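What follows is each chain in one-letter form.
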Amino acid sequence: MGARHFFLATVVSASLLASAALAQQQPVNANVPGWRFTSELESSGYVNCRAMTGSDGLGAIVAQRNNGEAYLSLAAQGLRVRFPNSRIVSNGATWQVTAEANGSRRWFTGIPANGVERIMANGNYEFILSNGQRNSVDLTNRGAAAWAVVRRCVRSALGN
């Protein structure tokens, strides 16, 4: 194999390894009882910092990307739908959101980061889908501490 072919093979191999690394969640070292934390470099180039509580795949996720986008997520239990004009309610505050589900996860987008901070400080929220379905979600009394870890992760991803 000539030097040019070796170089090309090395570049292609490095590129494939980098692509595979994009999809891997890395644990974030933090000690908030009842919560786990991850950070993931997404294919979009943004870092997604997540706090998770409850059973793997079934519990609640609270997350923020380093582009400022925050979201809440729950298990979808097979549900595949999109509900624009849904709402998240917590401690007297209401946010208009879009609810979507892909069969495994349901997520709520459109909540500003300061809104998620208020939800986490309160420790729970209620979602009301545009079809009238509603449910309450308990984020434990350690929600504010979990959100602080997510925010540190985002600041770190931004280089602050």
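Criteria and thresholds
- Residues numbered from 1 in each chain as written.
- Predicted model: local features only at pLDDT ≥ 70, side-chain atom pairs only at ≥ 80, totals over all residues.
- Heavy atoms only, no water.
- Helix = DSSP H or I, 4+ residues; strand = E, 2+ residues; numbered from the N terminus.
- Buried < 20%, exposed > 50% of the residue type's maximum accessible area, 1.4 Å probe, protein only.
- Contact = heavy atoms within 4.5 Å.
- Areas by Shrake-Rupley, 256 points an atom, 1.4 Å probe, with all protein chains shown as cover.
- Phe/Tyr/Trp six-rings, centres within 6.5 Å; stacked < 30°, edge-to-face > 60°.

**Q** Kindly report on the overall build of the chain, identifying the contributing residues and their values.
**A** Across its full length, the chain carries three helices and 10 strands. Traced from its N-terminal end to its C-terminal end, the chain shows the element sequence α-β-β-β-β-β-β-β-β-α-β-β-α. Counting every position in the chain, which comprises 160 residues, the buried fraction comes to 39%. Excluding contacts between residues fewer than 6 apart, the proportion of contacts in the chain whose partners are at least 24 apart in sequence is 42%. Taken as a whole, the chain presents about 8900 Å² of accessible surface, with 51% of it coming from carbon and sulfur.

**Q** How would you sum up the packing of aromatic side chains? Please name residues and give values.
**A** The description of two aromatic rings rests on the distance between their centres and on the angle between their planes. If you walk through the whole model with that rule in mind, you get two aromatic pairs. With 6.4 Å between their ring centres and 80° between their planes, Phe108 and Tyr125 make a pair best called edge-to-face. Here Phe108, found in strand 8 (residues 105–111), pairs with Tyr125, found in strand 9 (residues 124–128); they are 17 residues apart in sequence, far enough to count as distant. Ring centres 5.1 Å apart and planes at 35° place the aromatic pair Phe108 and Phe127 in the tilted group. With a gap of 19 residues between them, Phe108 in strand 8 and Phe127 in strand 9 connect regions that are remote in the sequence. One exposure class covers both Phe108 and Phe127, and it is buried. Clustering of aromatic rings is evident, with ring pairs tying together Phe108, Tyr125 and Phe127.

By themselves these figures say nothing about function.
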